[in-house]
Amino acid sequence: MKLSKFGTPLLLAALTFGSSTLVADDYVIDTKGAHAFIQFRVQHLGYSWLYGRFNEFSGKFSYDEAAPEKATIEVNINTASVDSNHAERDKHLRSDDFLDVNKYPQAKFVSTSYIPGDNGKGVLKGKLTLHGVTKPVEIEVENIGAGKDPWGGYRRGFEGKTRFAMADFGIMKNLGPKSKDVEMILSLEGIKQ
Amino acid sequence: MQFKNTTSHFGLIAISLHWLVALCVFALFGLGLWMTELDYYHQWYKQGPWLHKSIGILLFFVVIFRLFWRGLTPPPKALSSHKPWERKIAHIVHLLLYFLLIAIMFSGYLISTADGRAIEVFDWFSIPASITSINNQEDIAGWVHFILAILLIGLAALHALAAIKHHFIDRDRTLQRIFGK
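Here's a quick rundown of the structure. (Residues numbered from 1 in each chain as written. Chains lettered and ligands numbered in written order. Predicted model: local features only at pLDDT ≥ 70, side-chain atom pairs only at ≥ 80, totals over all residues. Heavy atoms only, no water.)

### Topic: the overall build of chain B
Note the following rule: Helix and strand assignments follow DSSP, with helices taken as H or I runs no shorter than four residues and strands as E runs no shorter than two, numbered in order from the N terminus. Burial classes: relative accessible area under 20% of the type maximum marks a residue as buried, over 50% as exposed, and values in between as partly exposed (1.4 Å probe, protein chains only). Computed with the Shrake-Rupley method and a 1.4 Å probe, the accessible areas treat only the protein chains shown as cover for residues.
Scanning chain B from N- to C-terminus turns up five helices and two strands. The helix and strand sequence of chain B, counted from the amino end, reads α-α-α-β-β-α-α. Overall, the C-alpha framework of chain B stretches about 55 × 30 × 30 Å when taken along its three principal axes. Here chain B holds 181 residues, and 36% of them are scored as buried. When the accessible area of chain B is evaluated, it comes to approximately 11,000 Å², of which 71% is carbon and sulfur surface.

Right, here's the structure in full:
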């Protein structure tokens, strides 16, 4: 194909236009390849941190490097997949003392806004539904990286942290004064669609 | 009283096994209900389950030996005053009691070993995990353990009521036999 004098800049403009300026990229969280983790930690007696995770969840996000403030994310968690590496404790966590997974099988986070900060950090606001209660939470987000993967795809990853009192979501079981709060750590990698 | 059963009397071993199992079953049932409701900071929060599991595993060996002993020296014949329907129901209840005992102990084992951890029996020895791959194994096994335990206690109560009925209404020696008379 022969390009005219006007053709080259027009084509370049079209390419730039299509790739990032207007359309935000949609990503699906890579739960299939397990490059995504939803972990939590609670203090045990105030002496140490106990870690656990949810093994089954799914979600998607959209992110545009040129307009990061428009980023959105939605994550659904299967609460019965809670795993703290101890069957008897997991059974207790699923019971009505904690997650009550028969009654509330799903937890959900849906973002409402994103405020980008410096050095790839930002604050993601949204609504968390847990134990049947929906409340606004703020997640501190860190952009970890993005780029082509070795298999022909494009990936982008973040880590987010938030902290809330379990009682705010109606989980009233008393684990002691130092164990009222739970911290959630979301390490998510998305594959561009 | 002799060790082995005869055609008319229970022996010392069978009688001892019967009352040992009965005592353990009621103790484990009460302990199980109590320990699962304890506050996290309660003194017995760790000790209760430890005792429940240790006694439960030991009871399994006792029940296995009891079945072996039953095969070796069969229980005495039913009293001639027992009606055919009484004999039939008594036999079914006895079999069900054994079945429930085994099923409860096995389901309890599947709760604690669901993550591959062994069960510590006091500080003496431990029983390793085997089946660990059932989805939400600890929850399903826990539910089965609880329901069957309630059934067992209900059936044991029926078994005891029947014995009391024989003693006070029929005025035969059914109940006395399990005391060695």
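### A look at the overall build of chain A
Rule in force here: Contacts between residues were defined by any pair of non-hydrogen atoms, one from each residue, lying within 4.5 Å.
Looking only at helices and strands, one finds two helices and 11 strands in chain A. Going from N to C terminus, chain A has its helices and strands arranged as α-β-β-β-β-β-β-α-β-β-β-β-β. Considering only intrachain contacts with a sequence separation of at least 6, the fraction spanning at least 24 residues in chain A is 55%.

### What to know about the interface of chain A and chain B
Test applied: In short, buried area is how much 1.4 Å probe accessible area vanishes from two parts on joining, totalled over both. What counts as a salt bridge is simple: a side-chain nitrogen of Lys or Arg found within 4 Å of a carboxyl oxygen of Asp or Glu. N or O atoms closer than or at 3.5 Å make up a polar contact, with two conditions inside protein: a donor-capable atom paired with an acceptor-capable one, and, for residues adjacent in sequence, both atoms drawn from side chains. Basically, the charged four are Asp, Glu, Lys and Arg, the nonpolar ten are Ala, Val, Leu, Ile, Met, Phe, Trp, Tyr, Cys and Pro, and anything else, Gly included, counts as polar.
Chain A puts 16 residues into the contact, and the matching count from chain B is 15 residues. Approximately 1,300 Å² of surface area, both sides summed, lies buried where chain A meets chain B, with 46% of it carried by carbon and sulfur atoms. Inspection of the region where chain A meets chain B yields three salt bridges. With a shortest N-O distance of 2.4 Å, aspartate 139 of chain B and arginine 94 of chain A are connected by a salt bridge. In this structure, the connection of chain A to chain B is made through nine residue pairs in polar contact (both at pLDDT 80 or more). Ranked by the residues each element gives to the side of chain A that touches chain B, the list is headed by helix H2 (residues 87-94) of chain A, at six residues. By residue class, the composition of the side of chain A that touches chain B is five nonpolar, six polar and five charged.

### With respect to the packing of helix H2 (residues 44-72) of chain B against helix H3 (residues 84-112) of chain B
Residue and element names in this part refer to chain B. Counted only if it meets this: For helices, the fitted axis covers only the stretch in contact; all axes are lines through C-alpha atoms, and the angles between them, taken along N-to-C directions, range from 0 to 180 degrees. What makes a crossing left-handed is the near helix being turned counterclockwise from the far one by less than a right angle; a clockwise turn instead makes it right-handed.
Contact pair H2 / H3: the axes reach a minimum separation of 10 Å and the direction vectors enclose 145°. Read as a crossing pair, H2 and H3 show a hand that is left-handed. Residues Lys53, Gly56, Leu59, Phe60, Val63, Ile64, Arg66, Leu67 and Arg70 of H2 lie in contact with H3, whose contacting residues are Tyr98, Leu101, Ile102, Met105 and Ser112. Residues belonging to the contact of H2 with H3 are distributed by class as follows: nine nonpolar, two polar and three charged.

### With respect to the pattern of salt bridges
Taken as a whole, this structure holds 17 salt bridges over all chains when the rule is applied. Between glutamate 88 of chain A and lysine 53 of chain B there is a salt bridge, and its shortest N-O distance comes to 3.1 Å. Within this pair, whereas glutamate 88 of chain A is found in helix H2, its partner lysine 53 of chain B is found in helix H2, the two belonging to separate chains. Classification of glutamate 88 of chain A by relative accessible area gives partly exposed; the value is 27%.

### Some words on the nonpolar core
Soluble, globular proteins show a tendency: their nonpolar side chains are buried together. Where we set the bar: Residues belong to one nonpolar core when they are buried, are Ala, Val, Leu, Ile, Met, Phe, Trp, Tyr or Cys, and are joined through side-chain atoms within 4.5 Å.
Core analysis: the biggest nonpolar cluster contains 39 residues, and Ile38 and Leu188 of chain A have the highest contact counts within it. It is strand S11 (residues 181-192) of chain A that contributes the most residues to this core, four residues altogether. If near-sequence neighbours (up to four positions away) are discounted, isoleucine 38 of chain A is found in contact with Gly52, Arg53, Phe54, Phe57, Val75, Ile77, Met184, Ile185, Leu186 and Leu188 of chain A. Cys24, Leu100, Ala103 and Leu152 of chain B belong to the second-largest nonpolar core, a separate cluster that totals 26 residues.

### Details of the packing of helix H1 (residues 12-35) of chain B against helix H4 (residues 137-168) of chain B
All names here are of chain B. Formally: The scheme is simple: roughly parallel for angles under 35 degrees, roughly antiparallel for over 145, roughly perpendicular for 65 to 115, oblique for anything else.
Taken N-terminus to C-terminus, the directions of H1 and H4 make an angle of 135°; their axes are 11 Å apart at the nearest point. Judged by the angle between their axes, H1 and H4 are oblique. Regarding H1 and H4, the two cross each other, and that crossing is left-handed. Contacts between H1 and H4 pair His18, Val25, Phe26, Phe29 and Leu33 from the former with Phe146, Ala149, Ile150, Leu152, Ile153, Ala156 and His159 from the latter. The class makeup of the residues in the contact of H1 with H4 is 10 nonpolar, two polar and no charged.

### Some words on unusual backbone geometry
The backbone of leucine 45 of chain A sits at a positive phi, close to 60°, despite the residue not being glycine. Mapped onto the fold, leucine 45 of chain A is located in the loop between strand S2 (37-44) and strand S3 (48-54). Even without being glycine, phenylalanine 122 of chain B reaches a positive phi, approximately 45°. Relative to the helices and strands, phenylalanine 122 of chain B resides in the loop between strand S1 (119-121) and strand S2 (125-127).

### Section: the pairing of S2 of chain A
All names here are of chain A. Stated formally: DSSP calls a pair of strands paired once it identifies at least 2 bridges connecting them.
The sheet contact formed by S2 and S11 spans five bridges and is antiparallel. When the bridges of S11 are listed, phenylalanine 37 appears paired with serine 187. Where S2 lies against S3, seven bridges are found, and the strand directions are antiparallel. Its bridge partner being in S3, isoleucine 38 is matched across the sheet by phenylalanine 54.

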